[in-house]
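Architecture and fold: a report
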Amino acid sequence: MTVYFTTPAILLRRVDFGDNDLILTFFSPTRGKISLIAKSARKNGKRFCGALDLFSAFEIVCSTGAGRLPVLQESTIKHPFCQIRSDFKKTVYTSYFVEIINNWMEPDVAQPQVYDLLYQVLDRLDRSDLPDELLSIVFQMRLMIISGFSPDFSACGLCHIEMDCLNGRRIGINFAKGGMICSACNSAVSSLFYLSMGTIKQLQWMGCGNWNKIARVRFSAQSIRESLEFLEAFVPYHLGKETKSLSILRQLRNEKVKNEVNSCRKSI
Ligand SMILES: [Zn+2]
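1. Describing the side chain of Gln202
You can see Gln202 is positioned in helix H5 (residues 197–206). Using a relative accessible area of 17% as the deciding quantity, one classes Gln202 as buried. Each residue touching Gln202, except ones within four places of it in the same chain, is listed here: Val217, Arg218, Phe219 and Ser223.

Structure representation (C-alpha cells):
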C-alpha cells in the first residue's frame, strides 16, 4: 500500500542515480534523515518546482511503501539560502554542519529541535546576522546539548568539586570523561584540552538557545579561536570521525593567516 507524507526538509546530499534519477538525503523535523529517489529529476529540470539545490529548505511530498525507497512526488522551495551558496566560507561551514547531521542523525527518527537549530543557523548565516564563526559555535554547542553530549562544565568529572570553587585561569577538559578535570585530579587522566574560564562561561551562553542572549555576547578573537578549536575536536571525538569539510575549513583559515602575514610583510 502506498502512503503519502508531506514535510518541511533541508537537502543534505544529492547523488546521481542511473541516467535520469537522483538519490536525495533530506533532513526533516518529523522523520529525521530521509533518503529518497527523485525520478527523472536529471532528465527534466522542470520535473520538480525549483532546483533541487543542496542546503535549500523545501516542503516535500513523498510516497512510500513497504521495502522500497520513498519517491519524491513534489518539492516546493521555501528558502534557497542563496547567500550561503555564493560565499565559499559560508558554503564550507554549511557543509560541515550538514556532514555532522548526515553522519550523526538516525534515519526515520523525529528530530524537531535539531531541525529547528539547523534551519535557524542557516537562516542567520544566509542573512549574515551574526559572524560565521559564532554561528558555528552556537550550532556545535546546541547540537551537543540536544544530543546529550554536552561538555560538563559544572564540576570535576573525577572528584566532583564544583567549577565555581576552582582557582586558576585555564581549566583542563577530558573528552573521554566528557568534561572538566580539576588541577588536583589532572595527573589521573592522559589527555586534556585547556580552556580559559572566560571561554567556558561564553560557551555556556552560546548553548543557551536564546538568540537574543547570544546576540549580546561579546567574544574576543582569542576566545572565538579557542572555542572553535575545542568544539572542532570535541564534536568529531563524539561523532567518531573527522569530517572532510572540517579539513577544508582548516585549510581556509591557514590560507587567511598566511595572506595576513604576507600583507603585513609587504607593508613593512
Ligand atoms: Zn577533581
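2. Some words on the coordination of the zinc ion
Within the protein, the atoms that donate to the zinc ion are Cys156 (SG), Cys159 (SG), Cys182 (SG) and Cys185 (SG), at distances of 2.3 Å. Coordination at the zinc ion is tetrahedral, judged from the four donor atoms that bind it and the angles of 104 to 116° they form at the metal. In the primary sequence, the donor residues of the zinc ion line up as C-x2-C-x22-C-x2-C. A residue pair is termed long-range when its members are at least 10 positions apart, and Cys156 in the loop between helix H4 (132–146) and strand S6 (170–174) and Cys182 in the loop between strand S7 (179–181) and strand S8 (193–196) qualify at 26 residues. Per residue, the accessibility class of Cys156 equals that of Cys182, and both read buried.

3. Describing the environment of Leu143
Mapped onto the elements, Leu143 comes out in helix H4. Once residues within four sequence positions are removed from consideration, Leu143 is found in contact with Ile100, Trp104, Met105, Val114 and Leu117.

4. Here we look at the pairing of strand S3 (residues 32–38)
Within S3, six of the seven residues are buried, which leaves it mostly tucked inside the rest of the structure. Looking at chain direction, strand S2 (residues 21–28) and S3 are connected through seven bridges and run antiparallel. Across the sheet, Phe27 pairs through a bridge with Lys33, a residue of S3. The loop that links S2 with its antiparallel partner S3 comprises three residues.

5. Remarks on the packing of aromatic side chains
In this structure the tally under the stated criterion is 15 aromatic pairs. Here the aromatic rings of Phe175 and Phe234 are separated by 5.2 Å at their centres, their planes lie at 90°, and the arrangement is edge-to-face. With a gap of 59 residues between them, Phe175 in the loop between S6 and S7 and Phe234 in helix H7 (residues 221–239) connect regions that are remote in the sequence. Exposure remark for Phe175: the relative accessible area of 14% places this residue in the buried category. Members of the aromatic cluster, connected to one another through ring pairs, are Phe153, Phe175, Phe193, Phe230, Phe234 and Tyr237. It is Arg31 that lies over the ring of Phe5; its NZ or CZ is 3.6 Å from the centre.

6. Topic: the sheet that holds S6
Strand order in the open sheet made by the three strands is S7-S6-S8, with antiparallel pairing throughout. Taken across any chain shown, the strands that pair with only one partner, and hence form the sheet edges, are S7 and S8. Taken pair by pair, the neighbouring strands of this sheet meet at an average axis angle of 50°, ignoring direction. Examined bridge by bridge, S6 and S7 share three bridges and lie antiparallel to one another. Bridge pairing in S7 links Gly172 to Ile181. H5 rests against S6 and S8 of the sheet, and its axis sits at about 85° to S8.

7. Here's the deal with the environment of Ile101
As for its position among the elements, Ile101 is in helix H2 (residues 88–104). Along the primary structure Ile101 and Lys33 are separated by 68 residues, whereas in three dimensions their C-alpha atoms are 8.4 Å apart. Other than its neighbours up to four places away in sequence, Ile101 contacts Leu12, Phe27, Lys33, Val114, Leu118 and Phe139.

8. Topic: the domain arrangement of the chain
Each assigned domain of the chain is listed with its residue range as follows: domain 1 (3–80) and domain 2 (114–260). The gap between the C-alpha centroids of domain 1 and domain 2 is 33 Å. Between domain 1 and domain 2, the contact holds 10 residues from the first and seven residues from the second. Here domain 1 and domain 2 share an interface that buries about 690 Å² over both sides, 79% of which is from carbon and sulfur atoms. Three residues, Ile10, Phe27 and His79, lead the burial of domain 1 against domain 2; their summed loss comes to 65% of the area buried on that side. The interface formed by domain 1 and domain 2 contains zero salt bridges. Linking domain 1 with domain 2 are one residue pair in polar contact (both at pLDDT 80 or more), by the criterion used here. Among the secondary structure elements, those contributing two or more residues to the side of domain 1 that touches domain 2 are strand S1 (3–17) and S2. If one sorts the elements of the side of domain 1 that touches domain 2 by residue count, S1 sits on top with four residues.

Cut-offs used in this document
- Residues numbered from 1 in each chain as written.
- Predicted model: local features only at pLDDT ≥ 70, side-chain atom pairs only at ≥ 80, totals over all residues.
- Heavy atoms only, no water.
- Helix = DSSP H or I, 4+ residues; strand = E, 2+ residues; numbered from the N terminus.
- Buried < 20%, exposed > 50% of the residue type's maximum accessible area, 1.4 Å probe, protein only.
- Contact = heavy atoms within 4.5 Å.
- Donors = N, O, S within 2.8 Å, 3.2 Å for Na, K, Ca; no water.
- Tetrahedral: all angles 85-135°; square planar, octahedral: opposite > 155°, others 65-115°.
- Pairing = 2+ DSSP bridges.
- Phe/Tyr/Trp six-rings, centres within 6.5 Å; stacked < 30°, edge-to-face > 60°.
- Lys NZ or Arg CZ within 6 Å of the ring centre and 35° of its normal.
- Axes fitted to C-alpha atoms, helices over the stretch in contact; angles between N-to-C directions.
- Domains from an automatic or database assignment.
- Buried area = accessible area lost by both parts, 1.4 Å probe.
- Salt bridge = Lys/Arg side-chain N within 4 Å of Asp/Glu carboxyl O.
- Polar contact = N/O pair within 3.5 Å; in protein donor to acceptor, adjacent residues only side chain to side chain.

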